[in-house]
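# Descriptive structure summary
Letter by letter, the chains look like this.
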Amino acid sequence: MKRKLVSALLVSTMAVTAFVGCGSAAEETTSDSAQTEATDDGASDTASSEDAVANLIAATDGTVNIDLWCSETEAYQKVMKELCDKFEAEYPDVDFNITLGAVSEADMKDRVLEDVEAAADVFVFPDDQLEALVKAGALNEVAAQYTYDMNETDTPATVDAGKYDGKQYGYPFTASNGYFLYYDKNQLSDEDVASWEALTAKAEELGKEVGCEVANGWYLYGWFQGAGCELTENEDQSNNCDWNSETGLAAAESLQSIASSKAFKSYGNDDLLANLNDGKVVAYVSGTWNVNAFSDAYGDGYAATKLPTFKVNGEDKQVASYSGYKFIGVNAYAENTGWSMLLAEYLSNAQSQEAVYEATGEGPSNTEALSKASSPALDALAAQSEFAQLQRVGGNYWSPAESLGKNILDGKVSQSVLDDAVAGITQPVED
Amino acid sequence: MNKIKNYFSSFAQAIAKGDIWVKLSLIIMGAGYFGRKQIARGILMTLLEVGVLTSIFKVFMPYLSKLNTLGTVQREEVFDILTMKKTVNDYDNSLLILLYGIIAILVIIAFIALYIGNIKAVYRVQKMKEEGEHINTFMDDITSFKNERFHITLLTLPSIGVLLINIIPILFMVCIAFTNYDENHQPPTYLFTWVGIKNFVNLFTTSQTITFGYAFVRVLIWTLIWAVVATATTFLGGILLAQFINHEDTRFKGMWRTLFVITIGIPQFVTLLLISKMLGDNGIVNTFCSNIGITDFFKTIGLLNPGDAFIPFLSKPGWVHATIILVNIWIGIPYQMLVATGILMNIPSDQIESAKIDGANKFQIFWKITMPYVMFITGPSLIQSVIGNINNFNVIYLLTSNYKTANMAMANSHANEADLLITWLFRLTNEYSNFKMASVIGIVTFVICAGLSLLTFSRMIGGDKEGVYR
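From a predicted model like this one, the values you see are computed outputs, not experimental measurements. (Residues numbered from 1 in each chain as written. Chains lettered and ligands numbered in written order. Predicted model: local features only at pLDDT ≥ 70, side-chain atom pairs only at ≥ 80, totals over all residues.)

## A word on the overall build of chain B
Put simply, the test is: Runs of E in the DSSP output that reach at least two residues are strands. Runs of H or I that reach at least four are helices, and both are numbered from the N terminus. What the globule rule says is 2.2 Å times the number of residues to the power 0.38, and the radius of gyration is computed from C-alpha atoms. Here the C-beta atoms are placed from the backbone, and a residue counts as buried if at least 20 other C-beta atoms lie within 10 Å of its own, exposed if 12 or fewer do, and partly exposed otherwise. A residue pair is marked as a contact if its C-beta atoms, positioned from the backbone, fall within 7 Å.
Helix and strand counts for chain B stand at 20 helices and 2 strands. Compactness check: chain B gives a C-alpha radius of gyration of 31 Å against a globular reference of 23 Å for 470 residues, more than 25% above the reference. Seen through its C-alpha atoms, chain B measures out along the principal axes to roughly 95 × 85 × 45 Å. Evaluated residue by residue, chain B yields a buried proportion of 33% over its 470 residues. If you take every contact in chain B between residues at least 6 apart in sequence, the share linking residues at least 24 apart comes to 68%.

Next up, the structure:
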């Protein structure tokens, strides 16, 4: 296997070198042809944007090849195909060849970074991958916009989430990638879903299951953050974390006692769906990606709300969450940067976001499209949004957090476990 | 040592005693052949010299000259808002510099060897001419590749292949272990550079934050235990199974054999992923066990804590190790059975007959004749399979992809208790882009495997044991 790996690595690098080695000199060095009107500003100025697009059309000859990677689900593939067709129709003078690829969004970063130069020109990725993609230099900066201005059309939180170091890298696409609580209102009342203590007690009474994937840093964060602890990222991508403080210990112990309930489960997505279909799960922390599964399973009892509270040192604390967004990114090594940017813009404009919402149920980030969208899941997200933070955390967080979650589930919380976890999360990043 | 001395002294002698043509060959490599009217050979040699030198100076030099730093110019791009075109500077790609640098060094070494060899050859031709011997024409040379130099014709392609797919990748990987190629230094956009033996120091260091040393020792121990146990169990199981099926009282031999071979027929990916689902904490096996009371039984005998809701087949250390080995037995035995069947059929019957006449019982025959014979035949392949198991990626990775460690020190270096060196390496590269540490682990794995093979092979095949069973 090692041999295979190395040779795969090597074969890929060699393949790349074969092409790049000869091709780098020919790479779009300069285009002095259209540089007649040299003005400094002009991004927001419509006249000059039109000029720019006109310049681009004039400078384009031959087929424009664009690869687009997005989620493998049928709904996604279908709606993106339609949108691409419409995009092609917008520019009848240009001959496009847009190829759609199916890559799971969770793997997008890995697939793109396997070989940046061979990856798709335009791809859809969740906001938690932004940092890794920027760090690897895979994302093209959104230096200007030509058909709309995201600062005016999209929610500020989404636009900010697409920034890194003050530069915009992602085109806002959806704003519903966070998590909240799904529940069956035929079995649980509003009071039951208000706190984890009440929820687990009721579920035990019913002999059913409720839960949250605690052994996963993405969900675990909300509990500690809600209790008042801190987790932030430094400039060098190391983390600050005070989960081993007194509050942190109290939060961990409280979570441990909730998780020790027979009714509390920490399912991964597959297990969750299986047990949901068996009718065992009556409430679970999840997101819009499972909206169909939950609405099918609960039928007319289908409901969603913000996350419940939990007791820390006798006080009710609201469990926080990571807000989640999806972005469209343009590859820094895209063959046709200009056209790729225009396609990304088109796919993220108001009409496209509306179409994506209708096809997939994911909430738009465009305010106009958002006003037309309404569903229990999106309302729950909106209710949770005031307790949701943007995910900015260094890569050393995930493994220790996962392990900490596992310790909590195993009932092994102690000061030293928290100390070790914090040591791992905050370990220095070498340069 | 003497060989090296001879090698260079004969070179010096060739230069000193050579005539004008030989001396001219120092500059134009074909000159010596032109002087003896071997025109085609001379042209070929000169062309080769020109080709190699141009490629070194034109293609490799830019990379080779940066090999000491692995590049200094980082990629910078400027996007022109008006034309929507991007301008990219002439940036260095550390990965390419490293790769081409290695190739360049190999090319240069090969060229120097060729150069020295050429001078000697030209001098040899000069002496042949002086002594009036027959000097090969170009046609003679070509025919010689079909006759006395046929081995060269035959081995050229394979040796180029070995160089390309074995030596260069290994050199490349070894070099990466001495760089800081990780998620913060990813080419083509960012540069990485040499850091000396820092990564090796890290692998054997343990502090609260750098836990590679801690994780490495544990992963290594489990890797070795796994390799030995997995090999031994499947090997013994396979022989016993083959023995049972081959037994004279067994009926429907073909059917049994087919049944077991079917497990080979289904791709491992499918079976392993299914098994890992079935044995999951909330999988079908756990549901079944708790329904029929096995879970409660385990609690009463103390294998599980009273609070446990499920049997942690694939989620707790100890349990996961046992489960992996059991699953591997199920997957591995059919292969060994096939191998063993072949061997058992070929045991010289005279030995067994004579043992029977001497009054040995079946167990004695199995233990004293069959086993030693099988061991002798399969010894080398057993070592091979131990090494194969050290690198047995599929079973471990597919079964434990959902395993989460509760050991903080392991987690801090992205390892877990069920990891082999190879799966740890894979996760470091694939999920954390930590190529430098992965390379270090790769080298250590290689050293262990190579050491193990050398040691055992020399013990097993060395001496005069080969003749024992003849």
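## Focus on the overall build of chain A
Within chain A, the secondary structure is distributed over 18 helices and 18 strands. Split into buried and exposed, the 431 residues of chain A put 51% on the buried side. Summarising the internal contacts of chain A: among those between residues at least 6 apart in sequence, 75% fall at separations of at least 24.

## Focus on the environment of A:Ile66
Along the chain, A:Ile66 turns up in strand β1 (residues 64-70). Discounting residues that sit within four places of it in the chain, A:Ile66 has contacts with A:Phe96, A:Ile98, A:Asp121, A:Val122, A:Asn336, A:Trp339, A:Ser340 and A:Leu343.

## Here we look at the sheet that holds strand β3 (residues 122-126) of chain A
All names here are of chain A. Our working definition: Strands qualify as paired when DSSP identifies two bridges or more between them. Helix axes are fitted only over the stretch in contact, all axes being lines through C-alpha atoms; the angle between N-to-C directions runs from 0 to 180 degrees.
Taken together, 5 strands build an open sheet; the order of strands is β2-β1-β3-β17-β6 and the sheet is mixed. The open sheet has two free edges, formed respectively by β2 (96-102) and β6 (171-174), since each of these has just one partner strand. Here the average twist between neighbouring strands, direction ignored, is 25 degrees. Against the sheet, helix α3 (residues 74-90) engages β1 and β2, with an angle of about 170 degrees to β2. Contacting β1, β3, β6 and β17 (326-330), helix α13 (residues 337-347) runs over the sheet at an angle of about 165 degrees to β17.

## With respect to α3(A)
Residues and elements named next belong to chain A. Formally: The span one expects for a helix is its residue count, reduced by one, times 1.5 Å. It is the directions from the helix axis to the C-beta atoms that the arc portrays.
With 17 residues, α3 ought to run about 24 Å at 1.5 Å a step, and its terminal C-alpha atoms sit 25 Å apart, in line with that. If you check which residues of α3 are buried, you get Val79, Met80, Leu83, Cys84 and Phe87. Projected down its long axis, α3 carries its buried residues within an arc of 140 degrees, all on one side. When the buried face of α3 is taken as reference, the exposed residues oriented beyond 90 degrees from it are Glu74, Asp85 and Ala89.

## Things to note about the domain arrangement of chain A
Quoted interface sizes are often the accessible area lost when the parts come together. All names here are of chain A. We count it as follows: Residue ranges assigned to each domain were obtained from an automatic or database domain assignment. Three classes are used, and their members are as follows: Ala, Val, Leu, Ile, Met, Phe, Trp, Tyr, Cys and Pro are nonpolar, Asp, Glu, Lys and Arg are charged, and the others, Gly among them, are polar.
Domains assigned within chain A are domain 1 (62-169 + 326-364) and domain 2 (180-323 + 381-425). Placing a centre on the C-alpha atoms of domain 1 and another on those of domain 2 gives a separation of 31 Å. Its residues assigned to classes, the side of domain 1 that touches domain 2 comprises 2 nonpolar, 2 polar and 4 charged.

## Focus on helix α14 (residues 350-360) of chain A
All names here are of chain A. Taken together, the buried positions of α14 are occupied by Ser352, Gln353, Val356, Tyr357 and Thr360. Mapping the buried residues of α14 onto a view down its axis gives an arc of 140 degrees, with all of them on the same face. Buried residues along α14 sit in contact with α3, β6, α13 and α15 (367-372). In the segment just after α14, Gly361 is the residue with positive phi, at about 80 degrees.

## Remarks on the interface of chain B and chain A
At the junction of the two partners, chain B supplies 47 residues and chain A supplies 64 residues. For the side of chain B that touches chain A, the secondary-structure elements that each account for two or more residues are β2 (85-88), α5 (94-130), α7 (150-176), α18 (408-412), α19 (421-430) and α20 (435-461) of chain B.

## So, the domain arrangement of chain B
Residue and element names in this part refer to chain B. Here chain B is partitioned into domain 1 (2-196) and domain 2 (201-279 + 314-467). Distance from the C-alpha centre of domain 1 to the C-alpha centre of domain 2: 42 Å. Contacts between the two partners involve 10 residues from domain 1 and, on the opposite side, 9 residues from domain 2. Residue classes in the side of domain 1 that touches domain 2 are distributed as 5 nonpolar, 3 polar and 2 charged.

## Concerning the pairing of β1(A)
Residue and element names in this part refer to chain A. Basically, it comes down to this: Looking down the strands as they point away from the viewer, one classifies a crossover as right-handed if the path from the first strand across the helix to the second runs clockwise.
Counting buried residues along β1, 5 of its 7 residues qualify, which places the element largely inside the surrounding structure. In the sheet, β1 pairs with β2 via 7 bridges, with the strands oriented parallel. If you follow Cys70 over to β2, its bridge partner there is Ala102. Regarding the hand of the β-α-β motif, the stretch spanning β1, α3 and β2 is right-handed. Of the pairings in the sheet, the one linking β1 to β3 comprises 2 bridges and is parallel in character. If you follow Trp69 over to β3, its bridge partner there is Phe123.

## What about unusual backbone geometry?
Where the residue is not glycine, phi is negative for most of them; where a peptide bond is considered, it is trans in most cases. Of the consecutive residues B:Pro187 and B:Pro188, the connecting peptide bond is found in the cis state with omega at 5 degrees. Within the secondary structure layout, B:Pro188 lies in the loop between α7 and α8 (198-203). Here A:Gln237, not a glycine, exhibits a phi torsion of approximately 70 degrees, which is positive. Mapped onto the elements, A:Gln237 comes out in the loop between β9 (231-233) and β10 (239-241). Positioned with a positive phi, B:His414 is a non-glycine residue whose angle comes to about 60 degrees.

## Remarks on the nonpolar core
What counts, and what does not: The nonpolar core is taken to be a set of buried Ala, Val, Leu, Ile, Met, Phe, Trp, Tyr and Cys residues joined by way of C-beta atoms within 7 Å.
Counting residues in hydrophobic clusters, the biggest one holds 134 residues, and the most contacted among them are A:Leu181, A:Val214, A:Leu255 and A:Ala283. Counting residues per element, this core draws most heavily on α5(B), at 9 residues. The contacts of A:Leu181, once residues within four sequence positions are left out, are A:Val193, A:Ala283, A:Val285, A:Ala304, A:Thr305, A:Lys306, A:Leu307 and A:Pro308.

## Some thoughts on the sheet that holds strand β7 (residues 180-184) of chain A
Residues and elements named next belong to chain A. Ordered in space as β11-β8-β12-β7-β13, the 5 strands form an open sheet in which the pairing is mixed. In the strand order of this sheet, the two ends are held by β11 (264-265) and β13 (302-305), each with one partner. Bridge count between strand β8 (residues 209-211) and β11: 2 bridges; the pairing is parallel. Each residue of the ladder has a partner; that of Gly211, found in β11, is Lys265.

## Observations concerning the packing of α3(A) against α14(A)
Residue and element names in this part refer to chain A. Worth spelling out the cut-off: Each angle gets one of four labels, with under 35 degrees taken as roughly parallel, over 145 as roughly antiparallel, 65 to 115 as roughly perpendicular, and the rest as oblique. Definitions for this section: a left-handed crossing has its near helix turned counterclockwise from the far helix by less than a right angle. A right-handed crossing has that turn clockwise.
Running from N to C, α3 and α14 cross one another at 155 degrees; their axes reach a closest spacing of 9 Å. The angle between the axes of α3 and α14 places the two elements in the roughly antiparallel class. Pair α3 / α14 crosses with right-handed handedness. Contacts between α3 and α14 involve Ala75, Tyr76, Lys78, Val79 and Leu83 on the former and, on the latter, Ser352, Ala355, Val356, Ala359 and Thr360. A per-class count over the contact of α3 with α14 returns 7 nonpolar, 2 polar and 1 charged.

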